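# Structural description and commentary
What follows is each chain in one-letter form.
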Amino acid sequence: MHQFLNWFSTVGAGMAGPVILSRGSETQKQNYLPRIARGEIEFALGYTEPNAGSDMASLVIHAEDKGDHFIIAGSKLFNTRAHFAQYYWLGARTAETTPSHKGISLFIVDLKSPGINIDPIWTVGGRRTNAVYFDNVRVPRAALVGEKNRGFYYIMEAVDHERISTVGGLTRDFHQLLEYVKAQRLGQNPLSRQKLAELAIEIESARLLALRAAWMLDRNQLPNYEAAMLKMVVSEIEQQLVNTAMQIMGPRAQVKKGSKWAPLNGKFEWRYRDSLEELVTRGTSEIMRNIIAQRGLKLPRI
Ligand SMILES: Cc1cc2nc3c(=O)[nH]c(=O)nc-3n(C[C@H](O)[C@H](O)[C@H](O)COP(=O)(O)OP(=O)(O)OC[C@H]3O[C@@H](n4cnc5c(N)ncnc54)[C@H](O)[C@@H]3O)c2cc1C
C-alpha cells in the first residue's frame, strides 16, 4: 500500500521548519531545526476538523491555559502523517473571539503524549490520512509557538510555504506518457498530439510559476497568492494529464498494477485515483481562486 510514499520531513523542512525559524523560541529552534535538517523528525499538520476545512478560522479544538501548561480536548480530521510523525503542528482555540481567527494558537505537540488517539482514513489513491482525538492532552507552555492567540497568522505563513509546489513529478509523469505514445506509435493521432502539446505548454507555465516562487524565496519574500497560483495550476494540470492518459490508453488504462495488461504497469490507473486529493489538500482550487482574486487582483473579499 505504501510503495509510493516517501514523505519523511516534508512538513518539517518545508512548512513547520521555516515558521519555527521566523516565529519560534530559541529553545524551539535549537530543539527542532537541526533534527529537521538531518531528516530525523517529521511533523503532522493539525488544522482541519470535522467542521473546519476551507474555513480554518472556525476550528474549535480547545486548548485551556493552565499557566505552565495547556489542556487540549477535541478532534481533528484528515491529519496525514499523524500515525508516524513525532510531532504535531497543531492549531487550537485559546480564546472565543470575534473574528474567530484571533483566538487561535499554534502548538508543537509530542505525538506520544498520553490522550492522543489516531484512527486511519484511506484515500481513493490508497494513502493513509487520519482522524485524531485529543482526550485532555497535557502540553507544556514551552510548546506554544510565538504569541498566544496569534497562531492563525503563523499557520497562514506555514500554509503559504505548503502551497509552493514542485513541477518535477508532473514533468516526469508527462514524459512517461509521451514515451508511451511514441513507443506505441500513437503519435499521429491528431487528438493525442493536440492534448500533449497543450500539456507541454501548461507544464512549462507551471515551471515558470515555480521558478518565480523560488526567486521570491531567494529574496526573503514569502509567495502568497503566487503560491496559490502555483498550487492550483500544478494540481489542475495533473488532472488534465491523467485524463489525457486515460483517453490515449483506452480501456486498458483502468487495469491495475501487476497485470500484464496494465500499460506502464498501472501507473496512470493509480495516478487517476491518487491525484484527486491534490485538488483538495493544501486548500481547494476554489479557495486558491479566491486568494488570487482577493490578494493578487485586489478584488473585494466575499
Ligand atoms: C487526502 C487528504 C489529506 C489531507 N491532509 C491534511 C493534513 O495533513 N492536515 C490538515 O489539517 N488537513 C488535511 N486535509 C484537509 C484539507 O486541507 C481540507 O479537506 C480542505 O481544506 C477542504 O476542507 P473540507 O474538506 O472541510 O471542505 P469544505 O471546506 O467543506 O469545502 C467543500 C467544498 O466547498 C468549497 N468551498 C468552501 N468554501 C468556499 C468558498 N469560500 N468559496 C468557494 N468555494 C468554497 C470547496 O472548494 C469545496 O469544493 C487533507 C485532506 C485530504 C482529502
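Before reading on, note that the structure itself is shown above.
The sections below set out a description of the structure shown in this document.

Conventions adopted
- Residues numbered from 1 in each chain as written.
- Predicted model: local features only at pLDDT ≥ 70, side-chain atom pairs only at ≥ 80, totals over all residues.
- Heavy atoms only, no water.
- Near = heavy atom within 4 Å.
- Polar contact = N/O pair within 3.5 Å; in protein donor to acceptor, adjacent residues only side chain to side chain.
- Areas by Shrake-Rupley, 256 points an atom, 1.4 Å probe, with all protein chains shown as cover.
- Helix = DSSP H or I, 4+ residues; strand = E, 2+ residues; numbered from the N terminus.
- Nonpolar A, V, L, I, M, F, W, Y, C, P; charged D, E, K, R; others polar.
- Phe/Tyr/Trp six-rings, centres within 6.5 Å; stacked < 30°, edge-to-face > 60°.
- Buried < 20%, exposed > 50% of the residue type's maximum accessible area, 1.4 Å probe, protein only.
- Pairing = 2+ DSSP bridges.
- Salt bridge = Lys/Arg side-chain N within 4 Å of Asp/Glu carboxyl O.
- Expected span 1.5 Å × (residues − 1).

### Examining the site of the ligand
Taken together, 16 residues form the shell around the ligand, and within it T48, S54, F78, T284 and E286 come nearest. Contact between the ligand and T48: a nitrogen atom at 2.7 Å from a side-chain N or O atom of the residue. Between T284 and the ligand, the recorded distance is 2.6 Å, taken from a side-chain N or O atom to an oxygen atom. Burial of the ligand by the protein amounts to 64% of the accessible area it has alone, namely 980 Å². Here the shell around the ligand takes 3 residues from helix α8 (residues 285–296), the largest share from any one element. Of the residues assigned to the shell around the ligand, the class counts are 5 nonpolar, 9 polar and 2 charged.

### Notes on the packing of aromatic side chains
A complete count under the given rule lists 7 aromatic pairs for this structure. Judged by centre distance (5.7 Å) and plane angle (35°), the rings of F43 and Y87 are tilted. Here F43, found in strand β1 (residues 43–46), pairs with Y87, found in strand β4 (residues 87–93); they are 44 residues apart in sequence, far enough to count as distant. An identical accessibility class is assigned to F43 and Y87; each is buried. Centroid distance F70 to F107: 4.9 Å. Interplanar angle 70°. Geometry classified as edge-to-face. Placement of F70 in strand β3 (residues 69–76) and of F107 in strand β5 (residues 104–110) is noted, with a sequence separation of 37 residues between them. The two residues F70 and F107 agree in class, both being buried.

### Section: unusual backbone geometry
T98 connects to P99 through a cis peptide bond whose omega is 0°. Structurally, P99 is set in the loop between β4 and β5. In this structure, L264 is a non-glycine residue whose phi angle is positive, near 50°. Structurally, L264 can be placed in the loop between α6 (225–249) and α7 (267–274). A positive phi is found at N265, a non-glycine position, where the angle reads about 50°. Looking at the secondary structure, you find N265 in the loop between α6 and α7.

### Thoughts on the pairing of strand β2 (residues 62–65)
Judged from the 4 bridges that link them, β2 and β3 form a sheet pairing that is antiparallel. When the sheet's bridge partners are listed, D65 is paired in β3 with F70. Turn length for the β2-β3 hairpin, with the two strands adjacent in sequence and antiparallel, is 3 residues, and the turn residue G67 shows positive phi of about 90°.

### Quick look at the pattern of salt bridges
Tallied over the entire structure, the rule returns 18 salt bridges. A salt bridge links E269 to R273; the shortest N-O distance between them is 2.7 Å. With E269 and R273 both in helix α7, this residue pair falls 4 residues apart, about one helical turn. According to the relative accessible area criterion, E269 is buried, its value standing at 9%. With relative accessibility at 22%, the residue R273 sits in the partly exposed group. Linked through salt bridges whose partners overlap, the residues forming this network are R127, D173, E238, K267, R271, D274 and E278.

### Notes on helix α4 (residues 168–183)
When the terminal C-alpha atoms of α4 are compared, their 22 Å separation across 16 residues agrees well with the 22 Å that a helix rising 1.5 Å per residue should span. Count one or two residues on from α4 and you reach R185, which has phi positive near 55°.

### Notes on the pairing of β5
Within a regular strand, the side chains alternate between the two sheet faces. Most of β5 sits inside the fold, with 6 of its 7 residues counted as buried. One ladder, built from 7 bridges, connects β4 with β5; its direction is antiparallel. Looking across to β5, one finds that R93 is bridged to I104. Where β5 and strand β8 (residues 144–145) come together, 2 bridges link them in antiparallel fashion. When the sheet's bridge partners are listed, L106 is paired in β8 with V145.

Geometric values such as these leave the question of function open.
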